[in-house]
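This is what each chain is made of:
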Amino acid sequence: MEQNENVVEMRGITKVYPNGIAANQSVDFFVRKGEIHALMGENGAGKSTLMKMLFGLEQPTSGAITVNGEKVSLTSPTVAISKGIGMVHQHFMLVPSLTVAENIVLGMPPKKGLFIDYKKAVEITEEYAQRYNLHVEPDAKVMDIPVGMKQKVEILKALVRGAKILILDEPTAVLTTQETGELFKELIHLKEQGYTIIFISHKLKEIKEITDRLTIMRAGKSMGVYNTADISEQEISRLMVGRDVVLSVEKDKAVPTDVVLKVNDIEYTNEWNKKMLDKISFSVRRGEILGIAGVEGNGQRELVDILFSLDAPDAGSATVLGQNILNTPQEKIRQMGVSLVPEDRMTFGIAGDGTIEENVISDRFAKKEFNKGPLFDMQAIHAESDRLIDEYTVLCKSSKQQVKMLSGGNIQKVVVAREFSSDPTLIIADQPTRGIDVGATEFIRKKLVELSRNGAAVLLVSADLNEVMELSDSLIVLYGGKIAAYFDDTSALDDEVMGEYMLGLKRQSTEEIGRVCHEG
Amino acid sequence: MKDKRLFAFELVRGAAAILLALGVATVFIFLCSDEPLTALRYLLIGPLVSARGGFNTSGFYTILAAMIPTVFTGLATCVMFSANQFNLGGEGCVMLGGFVGALCGIYIQMNTGLHAVVCVVIAAAICGAVMLIPAVLKVKLGASEMVTSLMLNYIVMYVVLHFLNYTFADRSKGSTQTFPFAETAKIPALVPGGSKLTWGFVVALVFVVLVALFMYRTRWGYTIRMIGVNQSFAKYSGMQVGKTIVLSQVIGGVLSGLGGSIEVLGRFNTFLWKELPGYGWSGITIAILAKNNPAFVPLAAFFIAYLNKGCQLMATYCDVPSEMIDIIQAAIFLFFAAEQFLSGYRQKIVVRNAQADLKKLGDTVAAEGGQA
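The rules behind the values
Residue numbers here run from 1 along each chain, matching the order of that chain's written sequence. Key to labels: chains lettered from A, ligands numbered from 1, both in the order written. For this predicted model, a pLDDT threshold of at least 70 governs which residues receive local features, and a threshold of 80 or more governs which side-chain atom pairs are given and counted, while totals over whole chains, interfaces and linings are taken from all residues. Excluding hydrogens and water, the side-chain figures rest on all heavy atoms present in the structure. Centres within 6.5 Å are what make two rings of Phe, Tyr or Trp a pair, Trp counting through its six-membered ring; a difference in plane orientation under 30 degrees is then read as stacked, over 60 as edge-to-face, and the rest as tilted. A run of H or I in DSSP counts as a helix once it spans at least four residues, and a run of E counts as a strand once it spans at least two, with each numbered from the N terminus. A positively charged side chain is recorded as over a ring if its NZ (Lys) or CZ (Arg) lies within 6 Å of the ring centre. The angle to the ring normal must also be within 35 degrees. Each patch is built from residues lacking any salt bridge and having more than 30% relative accessible area; the joining distance is 9 Å for like charges and 5 Å for nonpolar side chains (Val, Leu, Ile, Met, Phe, Trp, Tyr). Surface accessibility in these figures is a Shrake-Rupley result with a 1.4 Å probe; residues are shielded only by whichever protein chains are displayed. For this analysis, a salt bridge means a side-chain nitrogen from Lys or Arg found within 4 Å of a carboxyl oxygen belonging to Asp or Glu. The contact criterion used throughout is that any non-hydrogen atoms of two residues lie within 4.5 Å. The angle between two axes is taken between their N-to-C directions and runs from 0 to 180 degrees, where each axis is a line fitted to C-alpha atoms and a helix contributes only its stretch in contact. In these notes the angle categories are as follows: under 35 degrees is roughly parallel, over 145 is roughly antiparallel, 65 to 115 is roughly perpendicular, and the rest is oblique. Classes in brief: Ala, Val, Leu, Ile, Met, Phe, Trp, Tyr, Cys and Pro nonpolar; Asp, Glu, Lys and Arg charged; the others, Gly included, polar. Burial classes: relative accessible area under 20% of the type maximum marks a residue as buried, over 50% as exposed, and values in between as partly exposed (1.4 Å probe, protein chains only).

(A) Broad picture of the packing of aromatic side chains. This model, assessed by the stated rule, comprises 20 aromatic pairs over all chains. A centroid spacing of 5.1 Å and a plane angle of 65 degrees characterise the contact between F99(B) and F271(B), whose relative ring orientation is edge-to-face. Here the residue F99(B) occupies a position in helix α4 (residues 90-107), and F271(B) occupies one in the loop between α11 (241-267) and α12 (279-289), the gap between them amounting to 172 residues. Over the ring of F443(A) we find K413(A); its NZ or CZ atom is 5.2 Å from the centre of that ring. Here R41(B) stacks its cationic end above the ring of Y42(B), 5.7 Å away from the centre of that ring.

This is the structure:
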């Protein structure tokens, strides 16, 4: 590899957030011109914080940043953009109701008199799309395009604004295997044209595949810079988490018994008149983990919302042990032994300003054992929360700590501590390990297996293909609001086949899919 | 450790906000008064220091007496704001509570002791029922409780005035007022000597304890607070969100009604309010100063009462208009509400704490062999 000058130098960066979290401590981060540089680390290691400072979203508490040899003070994204830095966020920052071209020129539209010159916007879009080999449909509305294209729009947006250094925050988290491959080709193309790419990820395989060098972060500190070619996956993993993580979960063969959840012909049309669920039927039995795989946006969210009565279907039925759970107050659903690890844990899973204790008792505070007459039995409540913090190894100072002060992984542990400890009959786990560190991920996966083997029915929804294939005993693939495939045995599956079903290239016969509905 | 220092910081910040606000007031006093020093003396120490320099006992009692209705409205606001319900109907409930309490005191005959209690309870119940209007509109139709309760204040006021003017007025009097209450209905004085400090003050303090217990030690208070923090979370957890939102506002109405009726039956002989008394608004100020924590309500109420008294003295004995208190209150609000006020210093404390914690955490993690 040729020795280039550093295009970005971040020296001695320390960042302490107002809530007391020291996200970065004296971090050095250097990126050479024209390289793809990976920034790796568990969630909460401080990667995002470091990049937010480079993009001007946060200011360092101390330390200096140099871009192209010039010392800069990045007080806002506008300043960062003017220095040639662009960022593609994990959650896309696009306006769904506008077209691709409109999104790309947003905030800097070409004008004809007082009006936006839409034709010019389309031209700009096409010109850049051509030049960088990032194919998009300029006239399509963002809400109608697939995730992969949204990401291209984001990249184009940054390029149109003159970015020479691109920060990609976990760009593959939402992509299928095929889309990821495409993205990598485009990134290499960009690199060949002299662009510098900073690639945030914790997926080892991808890093090995695409990056030149990598910086590893752990607990807010840099663990060093390495040439990707010279470091093994095991070594990276060790540096990231400080021990060798076994990423596969050991589990014995499932012995499913009676049917717990039975879903029949559920249909749902969303507010934009798009059919999100089209006659979905399946069942989940005691003792098994049924996985739902699929690219995000193929009806998973709607299905989970309906099963927990956060939304109502147009037609169909769903029962738990014979009792209806649709359009039912959550209190009753929980009494039936259903628990949910929600996808959006910050909105549903926790009350951020509440203490850990207040968060873990939210489903059981009204029970007799925690009340003495009209008053809370504080001792019983303290005991319960201490027990859960202990059992679920929530890393915190005390049960009185505010949940929002915890790291992502520990916040999720608070959620699962509550949801898994209520002796559930059915656990719906929606993206249970998304965006959390390896340690917590492993812990949660093990717990899910343990609970299913102890007789719970588990419905696992995950966009993480590895997770859903690794954990599920049987799985269904959702595509376009329909079940595209059912596999009663996951051990012999491979990514390629799954990808084909997930992208709608293949579809099983009705009889094959119908096997997922068990009697009983 | 950490939290203690931050708590101390919050206290310092509160004190600084008050001092700065008084500083602003001082500037205005110097601008509009010919005898600014005398005016300031009345404002700052007048309420507690008599003209001769001794402790002003009656002044002290007056301040405590003035706290009675505002402690109740402050508590009411704490409960409603904790549930994220910006119900401003406390004002109307104070007036309605006072009116209903007065009517019961006039037209019901009972023994001493029981009579006052019955009056107050009926008043509170009716005010709680009135608060069902904004609460149910919110839960069933999604109507903003802030708008409906604000408007409700004026509806309540005119309804009360209508009945006062046309049905219950004592025509023999020069001004519009009801007939006098029965002696049995009056709230007895706590200290002799004609001060307005009644047993209502003790009741108010008892309610501070009760409401604090309710909010932090019962399942209902817990539900109210969790809804306030994150309503989606509360719903998902299986809490009865709709019912609790209604409950919080009904409690707000009950507490405001208590405040209004205890005030009227303790301070006056007849009902003679012809406009909204303003205690509901003070209650909002107090709840904000107390950060919605019932335990801090008496402190905040004392502060507001002290300030009011000081301004009153200043207006009486000097040439400073009593509207001055509005300026001071506005300034306090401004400094309190400004989250960033002194945040640089707060950040320093946070950084220092974080570094200490990290060091400690690092040590324990190292001791446990790096296990997270």
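(B) Structural view of a nonpolar patch on the surface. A cluster of nonpolar side chains, contributed by F7(B), L11(B), F296(B) and L299(B), occupies part of the molecular surface with about 420 Å² of accessible area. Relative to the helices and strands, L299(B) resides in helix α13 (residues 297-317).

(C) Expanded view of the side chain of T99(A). By the secondary structure assignment, T99(A) is in the loop between β6 (85-88) and α3 (100-104). Those residues in contact with T99(A) that lie beyond four places of it in its chain are Y118(A), P138(A), D139(A), A140(A), K141(A) and V142(A).

(D) Summary view of the packing of helix α5 (residues 114-130) of chain B against helix α6 (residues 132-141) of chain B. Residues and elements named next belong to chain B. It is at 5 Å that the axes of α5 and α6 come closest, and there the two elements cross at 25 degrees. Taken together, the axis directions place α5 and α6 in an arrangement best described as roughly parallel. Contact residues: α5 offers G128, A129 and V130, while α6 offers L132, I133 and P134. In terms of residue class, the contact of α5 with α6 is built from 5 nonpolar, 1 polar and no charged.

(E) Focus on the environment of V295(A). Residues and elements named next belong to chain A. In this fold, V295 is placed in the loop between β15 (289-293) and α9 (300-307). The spacing of V295 and S283 is 12 residues in sequence and 21 Å in space, taken between C-alpha atoms. Once residues within four sequence positions are removed from consideration, V295 is found in contact with V174, T176, Q300, M502 and L503.

(F) Quick look at the environment of I198(A). Residues and elements named next belong to chain A. Counting through the fold element by element, I198 comes out in strand β10 (residues 196-201). Take I198: its relative accessible area is 0%, and that puts it in the buried class. Along the chain, I198 and E35 lie 163 residues apart, while their C-alpha atoms are 8.2 Å from each other. Excluding residues that lie within four positions of it along the chain, I198 makes contacts with F29, V31, H37, M51, L54, I165, L166, I167 and L168.

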